[in-house]
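Each chain is listed here by its residues.
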There are 4 protein chains.
Amino acid sequence: MRQIWTDLALEAGAAELEPEVRQLEHGIEQTTVSIRDDETAARFGRPAGTYVTLSCLQSLSIDLSTREALSRQLAHALCGMLPKDTERVLVVGLGNRSVTPDALGPRTVDRVLVTRHLGACLPQDVREGMRSVCAAAPGVLGVTGIETAEVIRGMTEHVAPDVVIAVDALAARSSARICSTIQIADTGIAPGSGVGNHRQALNLETLGVPVIAIGVPMVVYAAKIAGDALSAFAEADGASAEDEQRLAQVVERVVSERLGDLIVTPREVDALVERMSGILAEGINLALHPGLSAGDIAQLTAQ
Amino acid sequence: MRQIWTDLALEAGAAELEPEVRQLEHGIEQTTVSIRDDETAARFGRPAGTYVTLSCLQSLSIDLSTREALSRQLAHALCGMLPKDTERVLVVGLGNRSVTPDALGPRTVDRVLVTRHLGACLPQDVREGMRSVCAAAPGVLGVTGIETAEVIRGMTEHVAPDVVIAVDALAARSSARICSTIQIADTGIAPGSGVGNHRQALNLETLGVPVIAIGVPMVVYAAKIAGDALSAFAEADGASAEDEQRLAQVVERVVSERLGDLIVTPREVDALVERMSGILAEGINLALHPGLSAGDIAQLTAQ
Amino acid sequence: MRQIWTDLALEAGAAELEPEVRQLEHGIEQTTVSIRDDETAARFGRPAGTYVTLSCLQSLSIDLSTREALSRQLAHALCGMLPKDTERVLVVGLGNRSVTPDALGPRTVDRVLVTRHLGACLPQDVREGMRSVCAAAPGVLGVTGIETAEVIRGMTEHVAPDVVIAVDALAARSSARICSTIQIADTGIAPGSGVGNHRQALNLETLGVPVIAIGVPMVVYAAKIAGDALSAFAEADGASAEDEQRLAQVVERVVSERLGDLIVTPREVDALVERMSGILAEGINLALHPGLSAGDIAQLTAQ
Amino acid sequence: MRQIWTDLALEAGAAELEPEVRQLEHGIEQTTVSIRDDETAARFGRPAGTYVTLSCLQSLSIDLSTREALSRQLAHALCGMLPKDTERVLVVGLGNRSVTPDALGPRTVDRVLVTRHLGACLPQDVREGMRSVCAAAPGVLGVTGIETAEVIRGMTEHVAPDVVIAVDALAARSSARICSTIQIADTGIAPGSGVGNHRQALNLETLGVPVIAIGVPMVVYAAKIAGDALSAFAEADGASAEDEQRLAQVVERVVSERLGDLIVTPREVDALVERMSGILAEGINLALHPGLSAGDIAQLTAQ
């Protein structure tokens, strides 16, 4: 079997795992798949745990009420994964703020409502139903010279949260997934492809607290687009095993010679990152501060 | 023959036209090709005139002195195309400022040294060897509701320049061209693909003055990457004419179904646009103000 | 009388003109003042016409529903000033996009729903109750070398709108006005102080169509803050006419020596411009497209 | 004596301490002042140590060669403060990236050449005369919910540098200092006014390693401008002690009622931050990597 390189569990053969599919409000489809044992985890090349995927049309094509519904459904999925009696949360935005398709994590974190400091600094701003939330975008190794995972470990020790939520831009296999899919997983983040390869493992084992990963595909690697075209051609052609092998060799050559690090992304990626970071931050804020309305949050995060 | 969709004359079969190739300083290669008659113009699908191409490594990989050399060589090529006794110049930056890979024109224009107003407003700032230069980035039809070409026609009438220089982001056929090639043409700009399809013809005929086009490939269409991979496969395969046809059908299907408007671009496109707009503006400034040194220009454009 | 330098009619002695004050929804106060004859116009140093001012708390302190109310009230005031049977509108954003407090006009225009091109390009997107709207941010003289008013005159001739709406950042006399006041005037814009002095007259006389000006104070000149402090001191002091004169001399010296071009602005001016440009664009969109709901507009402008 | 609120030692009465003043290249003036004992420290309200100040014209008014000279002189002053045998350095950029005048620290850090990771990741990029440098912009309390000093303490423990360099935007007393003065101090940073009050003490005592502070005034508080105007008036007036007191009361009232948090800054603050962060980063890079030329650094930081 050709290796499939994607950050989405849904694209990595989840069909075999009998995912539970539900139609939610506003045309949003939710798919839940569980990897329950180490053997399955090894087969799919990703850690055991639950993967919830919310899909709809690409985020520039959906109206305001669908965006609000996405945030609500994200909040709902997140709430289902928060450890019981969660009081303190650290939200981290992974990725490089200066590279647009990789900036989803940092820009989401910019819009998360932080409250951890309010008790000491602004006690009059503390309200019922607010959790203690802090947030950081630690940057990437190439820019800081420090492993992201190390910085987050240090913060986790200092802040002692009950759970860490990590937001990251993903790479998908299919371009149709770009900015149209949100994956929420209670597995943490394993070293992987991502947009910028900026991650070491962030999980219960390395941080000492559960890690919920929220990711949205922002790019497809150009090499994969080429591979897909060839694959479609081979299928149409009724390719033999021999053909298949020749095909794989051609892909490898094209990739290494010409496509290198190139990414495939929509022209409007600046607007897409802006839009999607708003949806994610809204969902996170609703989940973490159940006592606040969407209006309260809009007002508090504006300042 | 398969249709080749590119904004670069060099990629559109220029080899047949016996281009003149010269090795310049710092590893820069200059290729000059002329389309001399209407028949040739029709065959290559682009207007008659002279196309100068400067190529080197991608602009993030080159050192400061090579960047300066690129600006100098651009200035040199531009000077060769300016009408005799040019006194007044209008520089226009085409493209959408809010879409990073399409923002090359507007960002270049931001850094062009404008002087047209100095005589009236700041006579003490006028120096020997300064031409009268004005500049504008009129935006794109989808954002303004007005045809770009119409806005530029209005400005040209008002300003009455001796020549218009139009800067634009291009789409190339080969990803290796992205941000490593500058095309300068005395043909103006014909309606074409571009990054955002935002152009109607800008040329002597439509504006009444000569138009020099400066362009740099910033993207390759994803559809083309897929096509190239298939093409490489077919070549490796020794494909028959029949195969070739089947291939074309597959490409068409993949394109229309999945790749749509997607672009292929380097991850660092934000930094690349910043870098390349600096190189272009420097070249334009040197060409238009022969009495000023690079240091003078750096100081004057900083304010 | 000390000369008072402000872009707000309300600060220029409007109290004498018996303004009509109304309390609107959400704590918004509307003040309407008319300058009816040339003598009054000369006395107040601004053109005859109607000035409507909407005031509330500074825009970072107000909640979402108050923001929506501001947009609605702006739309209402605008509708009252649109010429009867207006079909075509040109919206222009004045100011320098690269200078944050001066970027209000350009950023508002970025979010205006333009429709002028839809009939020809995207007829399926045309809806009932849409007017033909186009928009432009022509930049400032120092950046383009072309008088803003000239560019707008050229566009007005080409587009032939029934009315021009000009959006601009203002300078106020009182810092409490910053980002808390919207002025709408049917007088057009006269050459004045503004943030960047980038305006020549834009009005019925110069453009041939009525011009509605929308402005929001974004700065106070530092010189004025100093003057206000001195003025407060003199009042507290029961200053004599002689003192007053000495005072004026000191102010002049402090200003010319040290404060020059300095502006006083809130630290959060980036966020304020973002916020206020959203409120203005929403108000303009509601006024110009009465057939569309706020939700329709949010969806259409997102793309 | 009226309290003087400034981040610059030079403005806090340093004249009494017999500063050493030297005229350097390109019109740069260097002033060195030492606070040697606790008593003097208490009198001037700032920690004991050496304060070097580089002054020249405001950074938008100086030419390229003066900018380069400023970077060189900053590098020279920094080198004089680095602990003997420094091998590892952590550079931190204080301030809020989203508030332009407060973004100087984060934007400087974006341009610092980090090398700490090269040994492990890119050994071929390690060169002679490179120190191990890492860098971070930890954000501000209001955005992250975590005390900046805590985050930096955690990083310092993890990275174990020989010295920390902290870059910050300052508030000055005189508007003439804005973007025209660089202060370098071996004292670390004490809790103080700053632009955003985002600092707890960062010094040998709190971090366990020496801390060098680099700061540039970006704003003056509006309240201070008013105070200065009054003060100039009182001087011109030959004010009595009684007057002086009345004056102080007026200032206090004006401040609390109207100027609040307002800052005074040049209109071009966006461009100034861009310019000055480049000068600081260049100086830091030259000081920390003595084996690299300015050209090497330009090339390495571009990627």
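Attention in this report is confined to the structure presented alongside it. This is a predicted model, so every value here is computed, not measured.

Attention now goes to the pattern of salt bridges. Per the counting criterion, the structure on display carries 28 salt bridges over all chains. Here Arg153 of chain A and Glu150 of chain A are joined by a salt bridge, their closest N and O atoms 2.3 Å apart. One end of the pair is Arg153 of chain A and the other is Glu150 of chain A, both in helix H6 (residues 148-159) and three residues apart, which spans about a single turn. Since its relative accessible area comes to 28%, Arg153 of chain A is described here as partly exposed. Of the charged contacts, one joins Glu274 of chain B and Arg111 of chain B as a salt bridge, the two residues approaching to 3.8 Å between their closest N and O atoms. Residue Glu274 of chain B is located in helix H10 (residues 269-288), and its partner Arg111 of chain B is located in the loop between helix H3 (104-110) and helix H4 (118-121); the two are separated by 163 residues in the primary sequence. Given a relative accessible area of 37%, Glu274 of chain B falls into the partly exposed group.

Residue and element names in this part refer to chain B. Mapped onto the secondary structure, Thr66 falls in helix H2 (residues 64-81). We classify Thr66 as buried; its relative accessible area is 8%. With near-sequence residues (within four places) excluded, Thr66 lies in contact with His26 and Ile28.

We now examine the packing of helix H10 (residues 269-288) of chain A against helix H11 (residues 294-301) of chain A. All names here are of chain A. Between H10 and H11, the shortest axis-to-axis distance is 10 Å and the interhelical angle comes to 115°. The angle between H10 and H11 falls in the class roughly perpendicular. With respect to the hand of their crossing, H10 and H11 are arranged in right-handed fashion. Contacts between H10 and H11 involve Glu282, Asn285 and Leu286 from the former and Ala294, Ile297 and Thr301 from the latter. The residue inventory of the contact of H10 with H11, partitioned by class, reads three nonpolar, two polar and one charged.

All right, on to the environment of Leu10 of chain C then. Residues and elements named next belong to chain C. Among the secondary structure elements, Leu10 is positioned in the segment before strand S1 (20-23). Once the C-alpha coordinates of Leu10 and Cys179 are considered, the two residues, 169 residues apart in sequence, prove to be 15 Å apart. With sequence-adjacent residues up to four places away left out, Leu10 is seen in contact with Thr31, Thr53, Arg177 and Gln183.

For Thr100 of chain A, the position within the fold is in the loop between strand S4 (88-93) and helix H3 (104-110). You can call Thr100 of chain A buried: its relative accessible area is 3%.

Residues and elements named next belong to chain B. Within strand S2 (residues 29-35), six of the seven residues are buried, which leaves it mostly tucked inside the rest of the structure. Pairing analysis gives four bridges linking strand S1 (residues 20-23) to S2, with the strands arranged antiparallel. Across the sheet, Arg22 pairs through a bridge with Gln30, a residue of S2. Hairpin geometry of S1 and S2 is characterised by an intervening segment of five residues between the two adjacent antiparallel strands and by a positive phi of about 55° at His26.

A word on the packing of helix H2 (residues 64-81) of chain C against helix H10 (residues 269-288) of chain C. Residues and elements named next belong to chain C. Axis separation between H2 and H10 bottoms out at 8 Å; the angle between their running directions is 45°. Classified by the angle their axes make, H2 and H10 are oblique. The handedness of the crossing between H2 and H10 comes out as right-handed. On H10, the residues touching Arg67, Leu70, Ser71, Arg72, Leu74, Ala75, Leu78 and Cys79 of H2 are Arg275, Ile279, Leu280, Glu282, Gly283, Ile284, Leu286 and Ala287.

For Ala160 of chain B, which is not glycine, the phi dihedral falls at a positive 50°. By the secondary structure assignment, Ala160 of chain B is in the loop between helix H6 (148-159) and strand S6 (163-172). Here Ala160 of chain B falls in the partly exposed class, since its relative accessible area comes to 37%. Phi at His26 of chain D is positive, roughly 55°, even though this residue is not glycine. Judged by its relative accessible area of 41%, His26 of chain D is partly exposed.

The rules behind the values
Every chain begins its residue count from 1, and numbering advances along the sequence as written. Chains and ligands are labelled sequentially in the order written, the chains with letters from A and the ligands with numbers from 1. For a predicted model such as this one, the threshold for reporting local features is a pLDDT of at least 70, and the threshold for listing and counting side-chain atom pairs is 80 or more; totals across whole chains, interfaces and linings nevertheless cover every residue. Values shown for side chains rest on all heavy atoms present in the structure; no hydrogens or waters enter the calculation. One side-chain nitrogen of Lys or Arg within 4 Å of one carboxyl oxygen of Asp or Glu is enough to make a salt bridge. A run of H or I in DSSP counts as a helix once it spans at least four residues, and a run of E counts as a strand once it spans at least two, with each numbered from the N terminus. Relative accessibility thresholds used throughout: buried, under 20% of the residue-type maximum; exposed, over 50%; partly exposed, between the two (1.4 Å probe, protein chains only). The contact definition used throughout considers only heavy atoms, calling two residues in contact when any of these lie within 4.5 Å. An axis is simply a line fitted to the C-alpha atoms; with a helix, the fit covers only the stretch in contact. Between two such axes, the angle follows the N-to-C directions and lies from 0 to 180 degrees. Should an angle fall under 35 degrees it is taken as roughly parallel, and over 145 as roughly antiparallel, whereas 65 to 115 is taken as roughly perpendicular and any remaining angle as oblique. In a left-handed crossing the near helix is turned counterclockwise from the far helix by less than a right angle, and in a right-handed crossing that turn is clockwise. Charged residues are taken to be Asp, Glu, Lys and Arg, nonpolar residues to be Ala, Val, Leu, Ile, Met, Phe, Trp, Tyr, Cys and Pro, and polar residues to be all remaining types, Gly included. At least two bridges found by DSSP between two strands are what make those strands a pair.

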